[in-house]
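# What the coordinates show
For reference, the chains in residue letters:
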Amino acid sequence: MKVLVTGHNAYIGTVLVPMLLEAGHEVTGLDNYLFEGCTFGDEVDDVPSLRLDVRDVELDHLRGFEAVLHLAGISNDPLGDLNPDNTYDINHRASVRLAELAKQAGVSRFIFSSSCSNYGAAGDDLLDESAAFNPVTPYGESKVFVERDLSLMADDDFSPTYLRNATAYGVSPRLRADLVVNNLVGYALTSGEVLIKSDGTPWRPLVHIEDISRAFLAVLHAPREKVHNEAYNVGRNQENYRVREIADMVEQVVPNSRVIYAEGAGPDKRNYRVTCEKICTELPEYQPQWTVPRGVEELYEAYKRHGLTYDEFVSSRYLRIKHVRELIEQKRINDRLRWVDAGQGAGDQG
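Cut-offs used in this document
Residues numbered from 1 in each chain as written. Predicted model: local features only at pLDDT ≥ 70, side-chain atom pairs only at ≥ 80, totals over all residues. Heavy atoms only, no water. Helix = DSSP H or I, 4+ residues; strand = E, 2+ residues; numbered from the N terminus. Expected span 1.5 Å × (residues − 1). Buried < 20%, exposed > 50% of the residue type's maximum accessible area, 1.4 Å probe, protein only. Polar contact = N/O pair within 3.5 Å; in protein donor to acceptor, adjacent residues only side chain to side chain. Pairing = 2+ DSSP bridges. Axes fitted to C-alpha atoms, helices over the stretch in contact; angles between N-to-C directions.

### Quick word on helix α7 (residues 209–221)
For α7, spanning 13 residues, the distance from its first C-alpha to its last is 18 Å, which sits close to the expected 18 Å at 1.5 Å a residue. With 10 of its 13 residues buried, α7 lies for the most part within the structure. Within the sequence span of α7, burial applies to I209, D211, I212, S213, A215, F216, L217, A218, V219 and L220.

### Overview of the environment of E277
Here E277 lies in helix α10 (residues 277–282). For E277, a relative accessible area of 43% puts it in the partly exposed group. Between the C-alpha atoms of E277 and P135, which are 142 residues apart in sequence, the distance is 22 Å. Within the structure, the side chain of E277 is placed 2.7 Å from the side chain of N237, a separation counted as a polar contact.

### Concerning the sheet that holds strand β2 (residues 26–31)
If you trace the 7 strands from one edge of the open sheet to the other, you get β3-β2-β1-β4-β5-β7-β11, paired in parallel fashion. Each edge of the sheet is formed by a strand with only one pairing partner; in this case those strands are β3 (49–51) and β11 (230–234). Strand-to-strand twist of the sheet, defined as the mean angle between neighbouring strand axes without regard to direction, takes the value 20 degrees. Note that strand β4 (residues 67–70) and strand β5 (residues 109–115) share 4 bridges and pair parallel. In the strand pairing of β5, L69 is matched with I111.

### What to know about unusual backbone geometry
Non-glycine residue Y33 carries a positive phi angle of around 60 degrees. For Y33, the location among the structural elements is in the loop between β2 and β3. Positioned with a positive phi, N229 is a non-glycine residue whose angle comes to about 55 degrees. Position of N229 relative to the elements: it lies in the loop between α8 (224–227) and β11. Judged by its relative accessible area of 29%, N229 falls in the partly exposed class.

Pasting the structure below:
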């Protein structure tokens, strides 16, 4: 299929695109390249792409595509909290506008990268896709709004699907150090401390970015009627962990590391567990390969091979919020997260 991947040059996109190409798809990217140069390891081999803010997409940009895989957006809670209106503008309003234009352009499939953050403060029960939403951040709320509005657009000509990804982890050319598994392993290796910033009790469903990519492929390849206007929790049933359990795994893998709690660490409002039975049952192509223990080992080996230092790990290269603040301070982007030099492209992709 001829597919457009928004946010293709960021954390998940740089892993998803090679898998799409390997499966024989014709891929075009769309990205503002906000994190160009924030590279872990070798530089990314790019695909034909539009250097474009997702807020600036026009109808002609979307003509000729059979599917849009929409990853672009403000990518986490701290960045979302920096300017909530930006979060709603980019994650919600621009996403809905993109879908509306895609529909006008004759794009039949629209796969939206949603989030289990939709469930927010949900307690200890296992949640399926029918569970009530209870987002606690602008990031989570923006994902809920997109699902709501896209579902109203679904018809015989336009088929949206919502992938509610668990908390991502794993090695990527656009590595993120602000994700819990990536973060704990990095701190353990570079400082000897597995630093927990909450009280360690919150539940998190976890999923490797390769398995998120497998979910996109499984939806793309599924019969349209099977995935039409459907939501799927993306992960594995067994991969729900308390943060302190993840920290214990890291301590076991990284030599001479020990678990410590940040001073004043308290409970985290985000607390949810999910079941991924639906995607595993209904989409047999979806065969997740990763577990958190294996992912911890992958990250440790990759960090060690790279020669990762503490200063590099906590720098703006791998921390989204720090990178964006740095670009604002340098006046390279404005407070609306748009490039000051219009030739560079603008917005935020995660």
